Amino acid sequence: RLLREMQRVTGLTPDVVAYTSCIAGCAEAGEWGTACQLLDEMKKKKVEPNVVTLSAVISSCATACANAAKENGIAEGRDESISPDEALVGPKEKALSLLSVMKADGSKIKPNVITYNAAIRACAEAFDMDQAFALFEDLKEQGLEPSVVTYGSLMTACERMGDLDAASKVIRTMREENGHVKPNEVIFGAAISCCRKAGEGHRAYLLLRKMIKEGLLPNTATFNTALMAQFEGKTDLQAAVAIYKLMQPKYSPRGQPNRQTFNIFVRGLADNARPNEAEMFLRKMQLVGFVPDVDLFTALVSSYESCGQPGKALRLMESMERDGYNFYEVKVIDDAFKKAVKFASAVERGLRPSKGKTQGDGMGGDGGLLFELRDDGSISGGDADIDPMAMSAVRQ
């Protein structure tokens, strides 16, 4: 709209800078169709695009692929019925086509490393890892030097596919072929997410520690990804506790716990028969100002009940009612409530339940508290090597 107004007010055709700026805006928003239309308009008005212009068009295709994957639930694998090709083939093929035109013998505008980075990212976001690596090799054959953004886009391609071997190849290539380019937060974050998708929670934890050791600052999203990896597949509660320790403000200015952090812990601990500790995190969540969703209470009540602690489930449901939750509308909680009342009546009559543990038996599972959550948000227990009071232990 501003571009049109500029033309109307001045009576002049916008120059390459104006068009490129507008196309760059399309790149940020992923409006690849509009970016391509503007490029065609430039040609009709005999405004010569430059390498920045064409790179921005390719970048718009990459962002469009990322947006389409997110909208269709492809990035997290939420809808396996949707083929990435169906939603992403258009912008990806346009990016590759434009790159091919730039590489042609008669082209006046040759691609630079920024152009290749955008094309690699388009392939990455379109789940075409093989093509992303092919473009990486092509970039080097053209005599261009990969940048940290290049490797980050390659790592994104690995992360989208959950391919740990390919991710390791990226890190290895950085060391062997381009020693002066070091992995940054984006590359480590993608690698950690790749580990999570591959079900390698321990490797995600080790990568997080390595990231911190190298002086990088993980953000909250990276911490949460590493946390999820500890509760998915083979559960590692000790590593999860160690990761939480590193998220305190004093030691992690960019990675403080958020709502998702508490959700991960409450669900993960409840699912692993640790309802007492799960409730600690639920209460801490409320203390810092987050309102838990009713499904968190559902998971916790179910955990108490399955661990043979209906009395604690009843107490939790009573606190829900005080907080304004109507647990009668949730079948799982309502059923647990009825069982808890029945149990309490049996105790009053001096009877013992035939199965399960009674209230006060301690934790479900192996018993005993894995950790304690202090009022200041810090945590006791867990991996002693990741004691937040001795950060030097992490950096050794």
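Residues numbered from 1 in each chain as written. Predicted model: local features only at pLDDT ≥ 70, side-chain atom pairs only at ≥ 80, totals over all residues. Heavy atoms only, no water.

The next thing to look at is the pattern of salt bridges. On inspection of all chains with the given rule, the structure shows 16 salt bridges. Taking the shortest distance from any N to any O, the salt bridge between Asp-138 and Lys-103 comes out at 2.6 Å. Of this pair, Asp-138 sits in helix H7 (residues 129–141) while Lys-103 is found in helix H5 (residues 84–103), placing the two residues 35 residues apart along the sequence. On the basis of relative accessibility, which here comes to 11%, the residue Asp-138 falls in the buried class. Each of Glu-125, Glu-159, Arg-160 and Lys-197 takes part in a single network of salt bridges with overlapping partners. (Salt bridge = Lys/Arg side-chain N within 4 Å of Asp/Glu carboxyl O. Helix = DSSP H or I, 4+ residues; strand = E, 2+ residues; numbered from the N terminus. Buried < 20%, exposed > 50% of the residue type's maximum accessible area, 1.4 Å probe, protein only.)

Further remarks concern the side chain of Thr-53. Considering the arrangement of structural elements, one finds Thr-53 in helix H4 (residues 51–71). The class of Thr-53 is buried, set by a relative accessible area of 0%. Of the polar contacts made by the side chain of Thr-53, one reaches the side chain of Thr-20; its length is 2.6 Å. If we skip the residues at most four places from it in the chain, Thr-53 touches Val-16, Thr-20, Ile-23, Leu-39 and Met-42. (Polar contact = N/O pair within 3.5 Å; in protein donor to acceptor, adjacent residues only side chain to side chain. Contact = heavy atoms within 4.5 Å.)

What follows concerns the environment of Glu-93. One can find Glu-93 in helix H5. Classification of Glu-93 as partly exposed rests on a relative accessible area of 38%. Sequence separation of Glu-93 and Ala-122 is 29 residues, and the distance between their C-alpha atoms is 9.0 Å.

When pLDDT is averaged along the chain, the result is 83; 78% of the residues meet or exceed 70. Here helix H19 (residues 392–395) stands out as the least confident element of the chain, with mean pLDDT 39; helix H6 (residues 113–125) is the most confident, with 97. Confidence over residues 346–366 falls short of pLDDT 50; this stretch has 36 contacts with residues more than four positions distant or in other chains. For residues 388–396, every residue scores under 50 in pLDDT, and the model assigns this stretch 16 contacts once sequence neighbours within four places are set aside. (pLDDT = per-residue confidence, 0-100.)

What follows is about helix H17 (residues 310–322). Given a rise of 1.5 Å per residue, 13 residues ought to cover 18 Å, and the 19 Å separating the end C-alpha atoms of H17 matches this to within 8%. Every buried residue of H17 is listed here: Pro-310, Gly-311, Lys-312, Ala-313, Leu-314, Leu-316, Met-317, Ser-319 and Met-320. Note on H17: the residue one or two positions beyond its end, Gly-324, has a positive phi of about 100°. (Expected span 1.5 Å × (residues − 1).)

For the rest of this paragraph, the subject is the side chain of Thr-150. Its place among the elements puts Thr-150 in helix H8 (residues 148–161). We classify Thr-150 as buried; its relative accessible area is 0%. Of note is the side chain of Thr-150, whose polar atom sits 3.0 Å from the backbone nitrogen of Ser-147. In this view, Thr-150 contacts Val-113, Asn-117, Ile-120, Phe-136 and Leu-139; residues no more than four positions away in its chain are not counted.

Turning our eyes to something else, we now look at the packing of helix H12 (residues 220–231) against helix H13 (residues 237–245). When two helices pack together, their arrangement is captured by the angle between the axes and the distance separating the axes. Where H12 meets H13, the axes come as close as 8 Å, and the angle between the chain directions of the two elements is 165°. If you check the angle between H12 and H13, you find them roughly antiparallel. Considering only the axes of H12 and H13, their crossing is left-handed. Across the interface between the two elements, Phe-223, Ala-226, Leu-227, Gln-230 and Phe-231 of H12 pack against Leu-237, Ala-239, Ala-240 and Ile-243 of H13. (Axes fitted to C-alpha atoms, helices over the stretch in contact; angles between N-to-C directions. Parallel < 35°, antiparallel > 145°, perpendicular 65-115°, else oblique. Left-handed = near helix turned anticlockwise from the far one by under 90°.)

Okay, helix H3 (residues 32–44) next. Between its first and last C-alpha, H3 extends 19 Å over 13 residues, near the 18 Å set by a 1.5 Å rise per residue. Considered for burial, the residues of H3 that qualify are Ala-35, Cys-36, Leu-38, Leu-39, Glu-41 and Met-42. Directly beyond the C-terminal end of H3, a positive phi value near 60° is found at Lys-46.

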